[in-house]
Amino acid sequence: MKSIEEQLAQLLSSVETLKQLSEREQQFAQHAEQRFVKNLQAFREYYPQVADSIEAFQSDNPLELFVTKTGLGNIRERSSGVPIYGDDPEAQVEEQVNRQLSTPQVNHIDFSKFASASESDERVHVRYVRQLGGVIEELGEPEKLTSIGEYFPTAVVFGLGLGYHIPKLVSRVKFDYIYIVEPEFEHFYLSLFCTDWAAVLEQVNEHRGVLVFHLGASYQNFIDDLYSVSKEVGAYSLTKCFLYRHFDTPSVNELIKQFVDRLFEIHGGYGFYNDATTGLAHTVINAERGFNMLARSAFTSQRYARYPIYIVGNGPSLDASIDFIKETQDEAIIIAAGTALQTLMKNGITPDFHTLVERPYSTYEALVNTQPEQGYEQVNLLTMTLIYPEVTKLYNWVGMAGKGTEAATAFLNKCMLEKLRKGITGLPFSNPMVSNAALSYAVSLGFKQLYMFGVDNGYAADGQHHSKHSDYYKGNLKNVVQHEAKVELKGNFGGKVRSTNLLAISSQQMGRLLGMPNLKSVECYNVSNGAYVEHALPLRPELVLPEFQSAKKADVIQFIKEQQFENIQVDDFEERMDFKVFSEICDDLIEIGERPIQSRSQATDILRRQSNYLKAYSKTEYEYIYHMLSGELLYFHCPMLSVLFSRNEEADCLEAFHELMALWIEFLQEVKQTFHEDWRTLCDIRL
């Protein structure tokens, strides 16, 4: 690596040497070199991976760093050659910061819809969320903030340039979370010569803040990056955000629009207490009876890797492929997702595997109500350990896996490790829809030639939401109300499709699954005329030509059932359940929540303390208790954070905040008393 002095000389002038620079340039070079060294040391201390990237950075066509009349560094846009700052970057950025802090753009998430939760649903979660939504509804529409103030929970900074605005922001406003997105890593690299990052990092650290960098990544990947970070940091960190734009360009404006429009993916269902307890109850019963667990070795199996797999959803585009599936059903493994099974059977196609994931009793009820004449006895089921126990009795054979970050999965894993010295195998990116589980099962079983039919995740202009053969049109599900499709997504074959929040998340999750580094050899063809899925190749129905194999289908099915799964049975669950620890955690969260609060910053500090306290259990033997409460915590914390900044008058916000905190404490007090019974109570939610 060249010395800092040599790099700086090259950046400042491709012709002159440092000795030939003007006095102003020499003075800048002297300070810039010292600043770079100091900044690199700071990043080495706080962000060692960023420091590694700085030291490894090289550019085949480096941007020229030149000095303005006021003695500050500047660069030109690569495409146009226009300087990104004027002659006085200091004054220019000062004016920009003042303007955006005094007329802030702040996102808003409407939690008042919680008030419309079903009156007939008396589960503890629904009862309290209904009250929570009522408080927010009574508060009314949020006011437009007239100033960002001296404290705000989160800043999302779009565009870094040479970073002159960052020190000004952190010195004027205390942020708990700062997200910086800059697709040009070279801009960040050059900012190390111009901006005192060492002071910024030290100041953020003193405030116990969190600074998240998105450097060198495309704007298109920004939302996916945020999704990953939110799972680690917490969705509440992206609830109330001050949106700062350093460059007013079409690409930045479009990114901000995407950010606001797609925040629902991060806030699209946190999981909740009753969901966790019923999943726990179902898992316990299924494990006591004994179940076939997906083997860890299945992921790396190569024996029948190229055998074609049809993943079939019940979307409207299935109709265009139904004849092809019927003609070739003896040469491919067919996995039917959810209600696609009934549609296939109506057309003379018996799927080899059916996939279900939902835990409610209504799943069992729907299966019984829509049972085809031939029943389910010839079909194998691929599902999760938390499926309603009676469902498994309907099928010929049942295989199970753990479902993501669930209390039930964590608890069963703990019990299996203690008793059998082996943990449960989970499916990556297996939610929110049953088609996600079907796709995850296909890749987790080691298959590499996949075709998705009817997995639309979006509706065309005619509004048809399922296959015309579906029970949603001609059967016992025709009265089921479909969710309104308000989200616009890129179409698989071009154009746009309309989608619901859940279907949009489903499409994103499929892309995240197929983009996993260990799945690069998987060929997944999207034959569906719906939403585009990242890393899946769009393929028109008339062009589908699988690479059929010589292996017998029956042998492949037998191999899956006998070699890819292992029989597991576990009992003695009650003695392994830590009721005392659950009560202690509830008591501690209550104690933190009852501490005096007289300002917004104190209120958010209480939320962070509760969150950090609970998260401390996430990597311990009590991880399942963390999952019991972590989703519920978000259902309360995110609205609490939102109301804190819904009015310009702090007192009005604190009054609403105290009402919501009282509900949260009351909720904790109730579940602390009922958990002894809840963990063995089956779901009774009906259609």
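Keep in mind it's a predicted model, so treat the numbers as computed, not measured.

**Points about the overall build of the protein**
Then, number 1: Of regular secondary structure, the protein possesses 23 helices and 19 strands.
Then, number 2: Once the C-alpha set of the protein is aligned to its principal axes, its extents read approximately 90 × 60 × 50 Å.
Then, number 3: In the protein, 74% of the contacts between residues at least 6 apart in sequence involve partners at least 24 apart.
Then, number 4: If you sum the accessible surface of the protein, you get close to 29,500 Å²; carbon and sulfur atoms cover 46% of it.
Then, number 5: Charge centroids of the protein, computed over 63 positive and 91 negative side chains, lie 3 Å from each other.

**Some points on the side chain of threonine 239**
Then, number 1: Counting through the fold element by element, threonine 239 comes out in the loop between α9 (219–233) and β6 (241–245).
Then, number 2: Relative accessible area serves as the criterion here: at 0%, threonine 239 is assigned to the buried category.
Then, number 3: The residues contacting threonine 239, other than those within four sequence positions of it, are Asn107, Ile109, Phe111, His267, Cys638, Leu641 and Ser642.

**Some remarks on the pattern of salt bridges**
Then, number 1: Across all of its chains, the model carries 35 salt bridges by this definition.
Then, number 2: Close ionic contact of arginine 99 with glutamate 95 constitutes a salt bridge, the shortest N to O distance being 3.0 Å. Of the two residues, arginine 99 and glutamate 95 both sit in helix α4 (residues 89–102), four residues apart, roughly one turn of that helix.
Then, number 3: On the accessibility criterion, glutamate 95 (42% relative accessible area) is partly exposed.
Then, number 4: Between glutamate 122 and arginine 127 there is a salt bridge; the shortest N-O distance is 3.7 Å.

**So, the environment of serine 112**
Then, number 1: Relative to the elements of secondary structure, serine 112 occurs in the loop between α4 and α5 (124–139).
Then, number 2: Along the chain, serine 112 and leucine 255 lie 143 residues apart, while their C-alpha atoms are 26 Å from each other.
Then, number 3: Excluding its chain neighbours within four sequence positions, the residues that come into contact with serine 112 are Gly133, Ile136 and Glu137.

**A short note on a negative patch on the surface**
Then, number 1: A cluster of like negative charges, contributed by Glu138, Glu649, Asp652, Glu655 and Glu659, occupies part of the molecular surface.
Then, number 2: Turning to its location among the elements, glutamate 659 is positioned in helix α23 (residues 650–678).

**Observations regarding the nonpolar core**
Then, number 1: Phe43, Ile54, Phe158, Phe188, Trp197, Phe259 and Tyr395 are the most contacted members of the largest nonpolar core, which has 180 residues in total.
Then, number 2: The element best represented in this core is helix α22 (residues 623–644), accounting for 14 residues.
Then, number 3: In this structure, phenylalanine 188 is in contact with Phe43, Val50, Ile54, Leu160, Gly161, Trp197, Phe213 and Leu215, ignoring residues within four places of it in sequence.
Then, number 4: Within the second largest apolar cluster, 41 residues are counted, among which are Leu294, Ile309, Ile333 and Ile560.

**Side note on the packing of aromatic side chains**
Then, number 1: A full pass over the atoms with the stated rule returns 47 aromatic pairs.
Then, number 2: Measuring from ring centre to ring centre gives 5.7 Å for tyrosine 128 and phenylalanine 667, while their planes differ by 90 degrees; the resulting arrangement is edge-to-face. Here tyrosine 128 is found in helix α5, whereas its partner phenylalanine 667 is found in helix α23, with 539 residues between them in sequence. Of the two residues, tyrosine 128 and phenylalanine 667, both sit in the buried class.

**A look at the sheet that holds β6**
Then, number 1: With parallel pairing, four strands are arranged side by side in an open sheet as β5-β4-β3-β6. Among the strands making up the open sheet, the edge pair consists of β5 (210–215) and β6. Pairwise comparison of adjacent strand axes, ignoring direction, gives a mean angle of 15 degrees for this sheet.
Then, number 2: Both strand β4 (residues 174–182) and β5 contribute to a ladder of six bridges, which runs parallel. Its bridge partner lying in β5, isoleucine 178 is registered against leucine 211.

**Notes on the packing of helix α20 (residues 579–593) against α23**
Then, number 1: Between α20 and α23, whose axes approach to 10 Å, the crossing angle comes to 165 degrees. Accordingly, the angle class assigned to the pair α20 and α23 is roughly antiparallel. When you trace α20 past α23, the crossing you get is left-handed. Of α23, the residues touching α20 (which contributes Phe579, Phe582, Ser583, Cys586, Asp587, Leu589, Ile590 and Gly593) are Met661, Ile665, Leu668, Gln669, Val671, Lys672, Phe675 and His676.

**Some words on the pairing of strand β15 (residues 487–490)**
Then, number 1: In this structure, β15 lies alongside strand β16 (residues 496–499), joined through four bridges in antiparallel fashion. Note on β16: the bridge partner recorded for glutamate 488 is arginine 498.
Then, number 2: Hairpin geometry of β15 and β16 is characterised by an intervening segment of five residues between the two adjacent antiparallel strands and by a positive phi of about 100 degrees at glycine 494.

**Here's the deal with the pairing of strand β17 (residues 523–526)**
Note on strand geometry: in a regular strand, side chains alternate between the two faces of the sheet.
Then, number 1: In the sheet, strand β14 (residues 449–453) pairs with β17 via four bridges, with the strands oriented parallel. In the sheet register, leucine 450 faces β17, and the bridge partner there is cysteine 524.

**Some thoughts on unusual backbone geometry**
Then, number 1: Look at the link from asparagine 431 to proline 432: it is a cis peptide, with omega at 15 degrees.
Then, number 2: Turning to its location among the elements, proline 432 is positioned in the loop between β13 (426–427) and α16 (434–444).
Then, number 3: The phi dihedral of arginine 421 falls on the positive side, at around 60 degrees, and the residue is not glycine.
Then, number 4: Note on placement: arginine 421 falls in the loop between α15 (407–420) and β13.
Then, number 5: With a phi close to 55 degrees, aspartate 572 is a non-glycine residue in the positive phi region.
Then, number 6: Assignment of secondary structure puts aspartate 572 in the loop between β19 (565–568) and α20.

**Structural notes on helix α3 (residues 48–56)**
Then, number 1: Buried within α3 we find Val50, Ala51 and Ile54. Take α3 and look down its axis: the buried residues cluster within an arc of 100 degrees, on one side only. Residues Gln49 and Ala56 are exposed on α3 and point more than 90 degrees away from its buried face.
Then, number 2: On the buried face of α3, the contacting elements are α2 (23–46) and α7 (185–194).

What counts and how
For every chain, the first residue of the written sequence is number 1, and numbering continues from 1 along that sequence. Local features in a predicted model are, by the rule used here, given only for residues with pLDDT of at least 70; side-chain atom pairs are given and counted only at 80 or more, and totals for whole chains, interfaces and linings are based on all residues. Heavy atoms from the whole structure form the basis of all side-chain values; hydrogens and water molecules are not counted. Where helices and strands are cited, they refer to DSSP runs of H or I of at least four residues and of E of at least two residues respectively, numbered from the N terminus. Two residues form a contact once any of their heavy atoms are found within 4.5 Å. Here the open area of atoms and residues is found with the Shrake-Rupley method and a 1.4 Å probe, where only the protein chains shown may cover a residue. By the counting scheme adopted, Arg and Lys are positive, Glu and Asp are negative, and His together with the chain ends is not counted. Charge positions are represented by NZ for Lys, CZ for Arg, CG for Asp and CD for Glu. Under the scheme applied here, a residue whose accessible area is under 20% of the maximum for its type counts as buried, over 50% as exposed, and between as partly exposed, the area being computed with a 1.4 Å probe on protein chains only. Salt bridge, as used here: a side-chain nitrogen of Lys or Arg that lies within 4 Å of a carboxyl oxygen of Asp or Glu. Each patch is built from salt-bridge-free residues with over 30% relative accessible area, joining like charges within 9 Å and nonpolar side chains (Val, Leu, Ile, Met, Phe, Trp, Tyr) within 5 Å. Within this scheme, the nonpolar core is defined by two criteria: the residues are buried Ala, Val, Leu, Ile, Met, Phe, Trp, Tyr or Cys, and they are joined through side-chain atoms within 4.5 Å. Stacked, edge-to-face and tilted are the three classes for Phe, Tyr and Trp ring pairs, Trp counted by its six-membered ring, which pair at centre distances within 6.5 Å; planes under 30 degrees apart are stacked, over 60 edge-to-face, the rest tilted. In this description, strands pair whenever DSSP reports at least two bridges between them. Under this scheme, a helix contributes an axis fitted over its contacting stretch, all axes are lines through C-alpha atoms, and angles between N-to-C directions fall in the 0 to 180 degree range. Working definition: roughly parallel below 35 degrees, roughly antiparallel above 145 degrees, roughly perpendicular at 65 to 115 degrees, and oblique for all remaining angles. For any helix crossing, the convention is left-handed if the near helix is rotated counterclockwise from the far helix by under a right angle, and right-handed if that rotation is clockwise. Taking the helix axis as origin, the arc is that swept by the directions to the C-beta atoms.

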